[in-house]
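A closer look at the structure
Take a look at the letters that make up each chain.
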Amino acid sequence: MSTRLKYTTDLDKSVLINNFEKRGWIPVGPDEDWNFYWATVQTVRSIFSVESGYRLSDDQVINHFPNHYELTRKDLMVKNIKRYRRDLEKENSPVSEKDEMGRYIHLDFIPTTYMLPADYNLFVEEFRKNPSSTWIMKPCGKARGIGIFLINKLSQIKKWSRDNKTSSFSAPSAKDTYVISRYIDNPLLIGGKKFDLRMYVLVTSFRPLKCYMYKLGFSRFCTVKYTASTNELDNMFVHLTNVSIQKQGDEYNAVHGGKWSVENLRVFLEGTRGKEVTDKLFDDMHWQIVHSLKAVSGVIANDRHCFEVYGYDVIIDDNLKPWLIEVNASPSLTSTTSSDRIMKYKLISDSINIVIPPGEGPDVRWNKIASRDNYGNYELLYDEELAAQEAVAQDAKGKVGRLSNKKPSTWK
Amino acid sequence: MSLSDENMKHIVNSLSEEVLTDKLNFEFLKAAENEASRLESGLADLKDYVISGLKQSGHEQKLANFVLRRLPHIKQLHHHLTPEEHKKEPITYIRKSQLAWEKRIWKSLNSMCTELSLPLARKRPDKDFKDMNRKWSELGSDEPNLSQIRPVYAPKDFLEVVSGVKNPNCNDFPLYNNWGLIQATLKVKSLHELRLQYSHMSINQAQSGVDDLTRTPTDIFQGERNKLAKKVIKSCMAGAVQEFLKKGSPTGCRNQIWNSILGIEIGDEEKLYYDQLKNSVLVHDLLVDNLIYKDIKLTATNDDQYFVFEDYLYQVLLPFFRDLVILETIKKSTATPAKSYIRGKLGNEEYAVFYPPNGVIPFHGFSMYVAPLCYCYDDPIMLYYVFRAFYARFFHHLHCVSSHQQGILSLSLLFERLLQQIEPQLFYHLCSIGVQPLKISFKWIIRAFSGYLCSEQVLLLWDRILAYDSLEILAVLAVAIFSFRKTNLLQIQSFQAAEAVMNDLTGLKVIPLLQLTLFSE
Ligand SMILES: Nc1ncnc2c1ncn2[C@@H]1O[C@H](COP(=O)(O)OP(=O)(O)OP(=O)(O)O)[C@@H](O)[C@H]1O
Ligand SMILES: [Mg+2]
C-alpha cells in the first residue's frame, strides 16, 4: 500500500469529502503540497495562468483542463464543432459526408446555433427561411437555466436587443453575449413529458484522446406535460429540464427529483421501440460525444496533470435522434435524492480509481488508460491510440473501414 | 391423462360457447362470407372451399390460439345438481372466509363514505366532465382532495384473513407438521413437481435474464434469441410463442410475444369499447376513483422507476373499475362482487348495482399491477387491454380467498412448505425469534413482486408466469430470496432486523435465484 495521499478541495461537498476520507487521504490546504485537488474552474484557471508561475510536479493531479471552456462554454463549443466539421470536409473525410439535403449525416448533432449579437444577420437570414420556427436564447456565461427564453418572432429578438443596448459603443462582453439555437420542438416524450439526458464522460487525455463513458447517467423530467403550443412558450416548467428550474414548480417530487436512470430509459425504449433503434440511439450518442471531444482536442491545453469529468446534456427527439445541447465542466455534485447521492458518490469514486489506480500513487506519466479492473461503472469510450492501431491493422488487411460505420463500442 | 367422454363433451361445449360470444366468431363469419363470395364453381364444394380458405387465411391458427388460451381456464364439470355457490368455490369454510372478508371491506368502504360524507357514486357536474375530458392525458396534475382518503385494506390486513382461514374439521390435529401461518389444508405442488413443471428453466438451458446480462454486442445468445423470437412471432402460433417464452423474452420483443399469448389485437372495436369506459369515467365520479388516485400517489408517483408513467396509470385504472368484462370474471371466481342499492331502495334487488362496477375493491398497491407494463407498451389503450388480460388471467387470484391452485392461499402455503423443506434451519431460526417468513413475503406475492424488484426483473418474472400459465413461480421466488439472504437472516434476532435485511430487493436477478432454488440439490 502506498503512502496516504494529500488532497485539497474548494468544494465542500459530501460526495467528495466522503470519498477522500474513505481512502484515508489527508486533507491539506491548497497552498500546501497536495497530490489531488478537486478545484473550481476559477482556481484551475489561476493555477495555470502565466502570472501564477505555478509548476505542478509529477505526483499532482487536478480535476480540470486549463482551457476546458473551449468545450464547455456554449458559444465556444459551437464554434469548435463548426470548425471541426469544416476541417474534416476539407480533408474529404468520409465522416463529413452529407445527404441530398446538404446536411451532415454524421456530424449534424447540435441544433443550428448562432452567437448574438455577432451573428445577428446570419440568424435573421436563417429565421426567414422558416418564419414560424421556435428558437431558444441562452446567455453564454450563465447556467442552471438562468436567463433562458424562447422566441418565435423576429420582433422578440429586436425588442431584446433594444432592451439590452445599454452602452452601444462598448463591445459586448461574455456576460451579454447569447447563443440562439433552433429549439428542438419535437422532443421524445415519455408519459407525455419532456426530458433530457445527463451523461458523465471522463477525459484523461485529449492528445491522444482517451475517454470513458459513465453507465449511470440519468434523465431529468419536466413536471408539466409537454406542449409545442406557442401559448406556453414562456412556461419554463414545460420546456426547461434543469432541476434548478423544475424544483420551483408545485409538481416537483423530492423523493425522485424527476430523475430516471439511463438504464430505465434503455429498458423502456427497447421494450416499446425495439432493440435495433435503441442500440443505434446509444451508439449515435457515444459517437457525438467522441466527435465533440475530437473537435476541441486540438485547442485544449493537454496538460498531463489534468483530468476532467464532463456533464453532457442531450435531448432525444421523437425520431430517436440525439442532439447535443451542452457540456458542463462542473456537473453538479449536489445530491437531490438519496439514490442521486449514491450515484454521485460512485461517480467520484470510479473517477478517482481511473486517474489514480488503487494502491498506486499519482504519477502523471502514466499512459492514461486504466486497467479494466478499475473501470467501476465506466466503460472505455474511445482510445485514439487503440483506434489508430486498429486502423493500421485493417489497412494491412486491405479493408479500409469507414470510421462512420465503426462504433466506438467496437473498441471497448 | 385421459378424459372421460363426458368431460370431453363438457370442454368442447364450453369452448364453443365461448367462441360464439367472442369477437372471433364475428371475424370468422365475415371471413367465411368473403371466401364464399369468391366461389365460382358449384355450391356442392362450398363447405370444403370455405374451410380450406379459412385455413389459408390464418383463421384456423387463430382458432387454435383461442382454444389454447382458454383451455386451462375452463371450469370443471359439475353435476347438474351442484349448487351455484359450490361451483364457484367447492370448499365451504373457504367460501365463508371470503364472504366474511368481503363483508368487512365493504363495511369499511361504506364507513369511509359516511365519515367523509362522500357518496359511493355521483354524477359529475357538466363543468367537471369537460375539465376532466380536457385533462384526460394529464390527470396527475389535478388531483382531487385526497387527504382524508385512506386505502380500504393493505396486504397486511389481508394476510390476517388468509392466515385465519381454517378447516374446522381438523382443528387440533394438524395433518402435517407446519411451522407456518397458513392453516388451510390444500394440496400444493412438491418441489419435485415444480422441477418438472419448470424444467425449461434448468441451469443447462440458456435463459433470457441470465445469459443476456452482459450487454456486449457480440453476444451470440442474444442474437439467436432475437432471431428466434421474430420467427415465432411471425408464425402466429400462440403455442409456439408460449413455448419460446419459457426461457424468457428479449426486451425488444416482449410486447409482441405477450400480445400473441394473451390474444391481444387492438382494432376499432377495442378502441370504441375503451372510449365507452372512458366516457363512463367522465360521467360518474366514483369513490373508488379516489382510492385509485390515492394509491397511485402513494406508490408509482413516488417511485423512481415508475413516476414517469403516472398519467398512464389513471388512464388505465379509472376505466378498469367500470369494465363489466372484469365483473364477469369475478363472478365466476370465489369472490362475490358487492352490490349497492339506489338511494331509498336498500335490499330491493331491482335497484341493485354492482359496486364498483367491475366488482373489485382495490387494496393498497393495486396500481403496481399496471406499472411494469408501461415498460413494454407506450399506448394507454394497448396498456389497458394487456393489463386487463393479465388481471383476468392471473392477478385477481392474488387478493381473493379461494382454494384455487393459483389463489393467494395456495401460494402462501406453497411458500411455507417449500421454505420449510428447503431451508429448515432458517425457518426454524426465524420462528424461534417470532418472525413468520410469510409476514415478510406476503406483500411481494400479492403484488407479483411489482415495486419490489427492478422493473426489468419484474418483466422477466412475469414472462415465466405467462409462459407456464401459473403464479406458482411467485412462491418459489419468495423462497429463493430467503435462501439468498440466509446468512444475514440467521444472524438477526428481531422482526425489524429481518425486515431490514429483506427491505431492498432491487439488486436481485430473479432467474438465477429461481434456478438455484429449483434445481440445486
Ligand atoms: N435547442 C434546444 N431545444 C430544446 N430544448 C433545449 C434546447 N436547448 C436547451 N434546451 C432545454 O433547456 C435546458 C437548459 O439549457 P442549457 O443546458 O443549454 O443551459 P443551462 O441550463 O443554462 O446550462 P447548465 O446546464 O450549465 O446549467 C436544457 O436542459 C433543455 O431542457
Ligand atoms: Mg444544462
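Residues numbered from 1 in each chain as written. Chains lettered and ligands numbered in written order. Predicted model: local features only at pLDDT ≥ 70, side-chain atom pairs only at ≥ 80, totals over all residues. Heavy atoms only, no water.

For chain A, the helix and strand inventory stands at 12 helices and 15 strands. The C-alpha radius of gyration of chain A comes to 22 Å, within 12% of the 22 Å expected for a compact globule of 412 residues. Once the C-alpha set of chain A is aligned to its principal axes, its extents read approximately 65 × 55 × 50 Å. The proportion of buried residues among the 412 residues of chain A is 54%. Counting only contacts in chain A whose residues sit at least 6 apart along the sequence, the fraction spanning at least 24 positions is 69%. Summed over all atoms, the accessible surface of chain A reaches about 18,800 Å², with 50% contributed by carbon and sulfur. Side-chain charges of chain A comprise 58 positive and 52 negative groups, with the mean position of each set lying 3 Å from the other. (Helix = DSSP H or I, 4+ residues; strand = E, 2+ residues; numbered from the N terminus. Rg over C-alpha atoms; globule rule 2.2 N^0.38 Å. Buried < 20%, exposed > 50% of the residue type's maximum accessible area, 1.4 Å probe, protein only. Contact = heavy atoms within 4.5 Å. Areas by Shrake-Rupley, 256 points an atom, 1.4 Å probe, with all protein chains shown as cover. Lys, Arg positive; Asp, Glu negative; His and termini not counted. Charge placed at Lys NZ, Arg CZ, Asp CG, Glu CD.)

A few words on the sheet that holds strand S6 (residues 135–139) of chain A. Across a sheet, paired strands are connected by hydrogen bonds in the backbone, their directions being either parallel or antiparallel. Residues and elements named next belong to chain A. Taken together, four strands build an open sheet; the order of strands is S5-S8-S6-S7 and the sheet is antiparallel. Each end of this open sheet is capped by a strand with a single partner; those strands are strand S5 (113–116) and strand S7 (149–151). Averaged over all pairs of adjacent strands, the angle between strand axes in this sheet comes to 30 degrees, irrespective of strand direction. (Pairing = 2+ DSSP bridges. Axes fitted to C-alpha atoms, helices over the stretch in contact; angles between N-to-C directions.)

Next up on the list: helix H25 (residues 510–519) of chain B. Residue and element names in this part refer to chain B. When you tally the buried positions in H25, you get eight out of 10 residues, the bulk of the element. Restricting attention to buried positions, one finds in H25 the residues Val-510, Ile-511, Leu-513, Leu-514, Gln-515, Thr-517, Leu-518 and Phe-519. Close packing links the buried residues of H25 with helix H9 (191–197), helix H18 (408–422), helix H21 (455–468) and helix H22 (472–484).

As a further point, take the coordination of the magnesium ion (ligand 2). All names here are of chain A. All of the protein donors around the magnesium ion (ligand 2) are Asp-313 (OD) and Glu-326 (OE); their distances to the metal are 2.4 to 2.7 Å. Taken together, the positions of Asp-313 in strand S13 (residues 308–316) and Glu-326 in strand S14 (residues 322–328) put the pair 13 residues apart, joining distant regions of the chain. With respect to class, Asp-313 is no different from Glu-326; both count as buried. (Donors = N, O, S within 2.8 Å, 3.2 Å for Na, K, Ca; no water.)

All names here are of chain A. Considered domain by domain, chain A is made up of domain 1 (112–183) and domain 2 (193–351 + 369–396). Taken residue by residue, the interface counts 12 residues in domain 1 and 12 residues in domain 2. When the two sides are added together, the surface that domain 1 and domain 2 hide from each other amounts to roughly 860 Å², 59% of it contributed by carbon and sulfur. Taken as a group, Arg-144, Leu-150 and Tyr-183 account for 48% of the area that domain 1 buries against domain 2, more than any other trio of residues on that side. Our enumeration of links across domain 1 and domain 2 arrives at three residue pairs in polar contact (both at pLDDT 80 or more). Sorting the residues of the side of domain 1 that touches domain 2 by element identifies S6 and S7 as the ones contributing at least two each. A total of three residues in the side of domain 1 that touches domain 2 trace back to one element, the largest contributor, which is S7. (Domains from an automatic or database assignment. Buried area = accessible area lost by both parts, 1.4 Å probe. Polar contact = N/O pair within 3.5 Å; in protein donor to acceptor, adjacent residues only side chain to side chain.)

Here chain A averages 89 in pLDDT, and 93% of its residues register 70 or above. Low pLDDT, under 50, characterises residues 399–407 of chain A; the predicted model gives this stretch 16 contacts beyond four residues in sequence or across chains. (pLDDT = per-residue confidence, 0-100.)

Residue and element names in this part refer to chain A. In the region of ligand 1, 22 residues are neighbours, and Lys-138, Arg-144, Asn-242, Glu-326 and Asn-328 sit closest. Here an oxygen atom of ligand 1 and a backbone polar atom of Arg-144 are 2.3 Å apart. At 3.0 Å, a side-chain N or O of Asp-196 approaches an oxygen atom of ligand 1. Contact with the protein chains hides 96% of the accessible area of ligand 1, taken as 610 Å² for the molecule alone. Looking at the shell around ligand 1, the elements with two or more residues in it are S6, S13 and S14. Per-element accounting of the shell around ligand 1 gives the leading share, three residues, to S14. Grouping the constituent residues of the shell around ligand 1 by class yields nine nonpolar, five polar and eight charged. (Near = heavy atom within 4 Å. Nonpolar A, V, L, I, M, F, W, Y, C, P; charged D, E, K, R; others polar.)

Here we come to a nonpolar patch on the surface. Residue and element names in this part refer to chain B. A surface patch of nonpolar side chains, about 250 Å² in accessible area, is lined by Ile-342, Tyr-351 and Val-353. As for its position among the elements, Val-353 is in strand S4 (residues 352–354). Residue classification places Val-353 among the partly exposed residues on the basis of a relative accessible area of 40%. (Patch = residues over 30% accessible without salt bridge, like charges linked within 9 Å, V, L, I, M, F, W, Y side chains within 5 Å. Salt bridge = Lys/Arg side-chain N within 4 Å of Asp/Glu carboxyl O.)

Attention now moves to the UniProt feature "domain: Rab-GAP TBC" (unreviewed entry) in chain B. Per the UniProt record, "domain: Rab-GAP TBC" (unreviewed entry) is annotated on residues 248–469 of chain B. Split by type, residues 248–469 of chain B is 54% helix and 4% strand. Its first and last C-alpha atoms lie 13 Å apart. (UniProt positions renumbered as here; feature names shortened; annotations may be inferred.)

Moving on, we get to the pattern of salt bridges. Within this structure, the stated rule accounts for 43 salt bridges over all chains. Residue Arg266(A) pairs with Asp279(A) through a salt bridge whose shortest N-O separation is 2.7 Å. Residue Arg266(A) is found in helix H9 (residues 262–273), and its partner Asp279(A) is found in helix H10 (residues 275–297); the two are separated by 13 residues along the sequence. The exposure class of Arg266(A) is buried, given its relative accessible area of 16%. Asp285(B) is paired through a salt bridge with Arg124(B); the nearest N and O atoms lie 3.9 Å apart. Of this pair, Asp285(B) sits in strand S2 (residues 284–286) while Arg124(B) sits in the loop between strand S1 (121–123) and helix H7 (126–134), placing them 161 residues apart in sequence. Each member of the pair, Asp285(B) as well as Arg124(B), is classed as buried. Among the ionic contacts, a cluster of salt bridges with common partners joins Arg122(B), Arg124(B), Asp285(B), Asp289(B) and Arg322(B).

Take H10(A) next. Note on helix geometry: an α-helix contains 3.6 residues per turn, so any two residues three or four positions apart are oriented the same way. Spanning 23 residues, H10(A) covers 33 Å between terminal C-alpha atoms, matching the ideal 33 Å at 1.5 Å per step. Counted residue by residue, H10(A) has 19 buried out of 23 residues, so it is predominantly covered. (Expected span 1.5 Å × (residues − 1).)

A few words on the sheet that holds strand S4 (residues 61–62) of chain A. Residues and elements named next belong to chain A. One open sheet accounts for four strands, arranged S2-S1-S3-S4; its pairing is parallel. Unpaired on one side and paired on the other, strand S2 (26–27) and S4 mark the two borders of the sheet. Where strand S1 (residues 6–9) meets S2, two bridges bridge the pair, whose relative direction is parallel. Within S2, the position partnered with Lys-6 by the bridge is Ile-26.

The interface is formed by 28 residues belonging to chain B together with 24 residues belonging to chain A. Summing both partners gives a buried area of about 2,200 Å² for chain B against chain A, and 51% of it is carried by carbon and sulfur. Linking Glu276(A) and Lys230(B) is a salt bridge whose minimum nitrogen-to-oxygen distance equals 3.1 Å. At the boundary of chain B with chain A, the tally comes to 11 residue pairs in polar contact (both at pLDDT 80 or more). When contributions to the side of chain B that touches chain A are tallied by element, the ones reaching two or more residues are helix H10 (220–235), helix H15 (310–320) and H21 of chain B. With three residues, H10(B) is the largest single contributor of residues to the side of chain B that touches chain A. In terms of residue class, the side of chain B that touches chain A is made up of eight nonpolar, 12 polar and eight charged.

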